[in-house]
Amino acid sequence: MKFAVIVFPGSNCDADMYHAIRDQLGEEVDYVWHNDTSLEGYDGILLPGGFSHGDYLRSGAIARFAPIMNSVIEAAQAGVPVLGVCNGFQVLLEAGLLPGAMKRNEGLKFICRPVQLTVTNADTIFTSGYTEGSEINVPVAHGEGNYECDEETYQKLEANNQIVFRYSSNVNGSRNQIAGIVNEAGNVLGMMPHPERAVEELLGSADGLLLFQSILKNWRESHVTTR
């Protein structure tokens, strides 16, 4: 499986994502610059955390118009797995690939620490390696991670089982402690916590590695490979 890590000006978790794929998952991965226009040949697309374009206007608001985003949207619509973490999640929201929006954290402070997440849907290509209801330890690092949506959107997320991760306690004020959601098709995941920073015990937790292993396992099964 071959992954693309999209790099925007101001991305700062791209190397972490690259390390998670190459060194821990053992798969192919390339950096793809935001001004590129093609994602041909990639089986998975990763939008990393950081402060794309300095978070001017709103987090992700400028990055959403990067030339590469047309290809990200096309790939998502074609069913390619797309993962947006932290700022990557914000970009996916701005691009309309996921519903809702981000506000400043409750308390208006940047939060950077390990948190407990509850896996609320283990029936996705991103979470099939987990057990539903299990708790995992994954760090957060954000100032605008307070997820919000209107009541109609929230009810739709609940009805379609699109809420994949919740914070086990109130971390940033997110509506009903939402930490990660998928699109209706289930191939686009946005989450504020950083699984790529929890892929080996040296980092304090390896709980995030299962997310990447789930993507790989589902891709292999759909492509009939046993490697």
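Just so it is clear, the structure is predicted and the values come from calculations on it, not from any experiment.

Turning our attention to the pattern of salt bridges. Using the criterion set out here, one finds 11 salt bridges in the structure. Of the charged contacts in the structure, one is a salt bridge between E27 and R220, with a shortest N-O distance of 3.1 Å. Note that E27 is positioned in the loop between α1 (14-25) and β2 (28-33) and R220 in helix α5 (residues 209-222), a separation of 193 residues in sequence. Note that E148 is salt-bridged to R175, the shortest N-O span being 3.7 Å. Of the two residues, E148 is situated in strand β8 (residues 146-148) and R175 in the loop between β9 (163-167) and β10 (178-182); the sequence distance between them amounts to 27 residues. Classification of E148 as partly exposed rests on a relative accessible area of 28%. Linked through salt bridges whose partners overlap, the residues forming this network are K103, E148, E151 and R175.

On the surface, a cluster of nonpolar side chains totalling about 360 Å² of accessible area is made up of Y56, L57 and I62. By the secondary structure assignment, L57 is in the loop between β3 (44-47) and α2 (68-77).

Here the focus is the packing of α1 against α5. Look at α1 against α5: their axes get within 11 Å of each other, and the N-to-C directions meet at 70°. The orientation of α1 relative to α5 falls into the category roughly perpendicular. In this structure, the crossing between α1 and α5 has a hand that is right-handed. Between α1 and α5, the residues in contact are M17, A20, I21, Q24 and L25 and L209, F212, Q213 and L216, respectively. A class-by-class count of the residues in the contact of α1 with α5 yields 7 nonpolar, 2 polar and no charged.

For the rest of this paragraph, the subject is the pairing of strand β7 (residues 135-142). Counting buried positions along β7 gives 6 out of 8 residues, so the element sits mostly inside the fold. Of the pairings in the sheet, the one linking strand β6 (residues 111-119) to β7 comprises 8 bridges and is antiparallel in character. Considered in β7, the bridge of C112 is made with A141.

Relative to the helices and strands, F89 is located in helix α3 (residues 87-94). Put simply, F89 and P114 are 25 residues apart on the chain and 18 Å apart in space, counted from C-alpha to C-alpha. Not counting residues within four places of it along the chain, the set of residues in contact with F89 comprises G84, L98, M102, Y147, A179, I181, G190, M191 and M192.

This part covers the UniProt feature "active site" (unreviewed entry) in the chain. Feature annotation in UniProt places "active site" (unreviewed entry) on C86, H194 and E196, given in this structure's numbering. On the basis of their most widely separated C-alpha atoms, the annotated residues across 111 residues gather in one place, lying no more than 11.0 Å apart. Positionally, H194 belongs in the loop between β11 (188-191) and α5. With a relative accessible area of 1%, H194 lands in the buried category. Beyond its immediate chain neighbours, meaning those up to four positions away, H194 contacts C13, G49, V85, C86, V138, P139, V140 and A141. Here E196 takes part through its side chain, which lies 2.6 Å from a polar atom of the side chain of H194. Relative to the elements of secondary structure, E196 occurs in the loop between β11 and α5. The buried category is assigned to E196, whose relative accessible area is 1%. Look past the residues within four positions of E196 in its chain and what remains in contact with it is C13, D16, M17, A20, V85, L203 and F212.

Once that is clear, we can look at the side chain of S71. By the element assignment, S71 lies in helix α2. Using a relative accessible area of 10% as the deciding quantity, one classes S71 as buried. Sequence-distant contacts of S71, defined by excluding residues within four places in its chain, comprise T37, S38 and L39.

Per the stated rule, a full pass over the model turns up 4 aromatic pairs. Each ring, one from F89 and one from Y147, has its centre 6.2 Å from the other, and the planes form 15°; the classification is stacked. Of the two residues, F89 is situated in helix α3 and Y147 in strand β8; the sequence distance between them amounts to 58 residues. Owing to a relative accessible area of 1%, Y147 belongs among the buried residues under this scheme. Centre to centre, the rings of Y130 and F165 are 6.3 Å apart; their planes meet at 85°, and the pair counts as edge-to-face. Highlighted residues: Y130 in the loop between β6 and β7 and F165 in strand β9, separated in sequence by 35 residues. Of the two residues, Y130 and F165, both sit in the buried class. We note R64 situated over the ring of F65; from NZ or CZ to the ring centre the distance is 4.8 Å.

Each value, and the rule that gives it
- Residues numbered from 1 in each chain as written.
- Predicted model: local features only at pLDDT ≥ 70, side-chain atom pairs only at ≥ 80, totals over all residues.
- Heavy atoms only, no water.
- Salt bridge = Lys/Arg side-chain N within 4 Å of Asp/Glu carboxyl O.
- Helix = DSSP H or I, 4+ residues; strand = E, 2+ residues; numbered from the N terminus.
- Buried < 20%, exposed > 50% of the residue type's maximum accessible area, 1.4 Å probe, protein only.
- Patch = residues over 30% accessible without salt bridge, like charges linked within 9 Å, V, L, I, M, F, W, Y side chains within 5 Å.
- Areas by Shrake-Rupley, 256 points an atom, 1.4 Å probe, with all protein chains shown as cover.
- Axes fitted to C-alpha atoms, helices over the stretch in contact; angles between N-to-C directions.
- Parallel < 35°, antiparallel > 145°, perpendicular 65-115°, else oblique.
- Left-handed = near helix turned anticlockwise from the far one by under 90°.
- Contact = heavy atoms within 4.5 Å.
- Nonpolar A, V, L, I, M, F, W, Y, C, P; charged D, E, K, R; others polar.
- Pairing = 2+ DSSP bridges.
- UniProt positions renumbered as here; feature names shortened; annotations may be inferred.
- Polar contact = N/O pair within 3.5 Å; in protein donor to acceptor, adjacent residues only side chain to side chain.
- Phe/Tyr/Trp six-rings, centres within 6.5 Å; stacked < 30°, edge-to-face > 60°.
- Lys NZ or Arg CZ within 6 Å of the ring centre and 35° of its normal.

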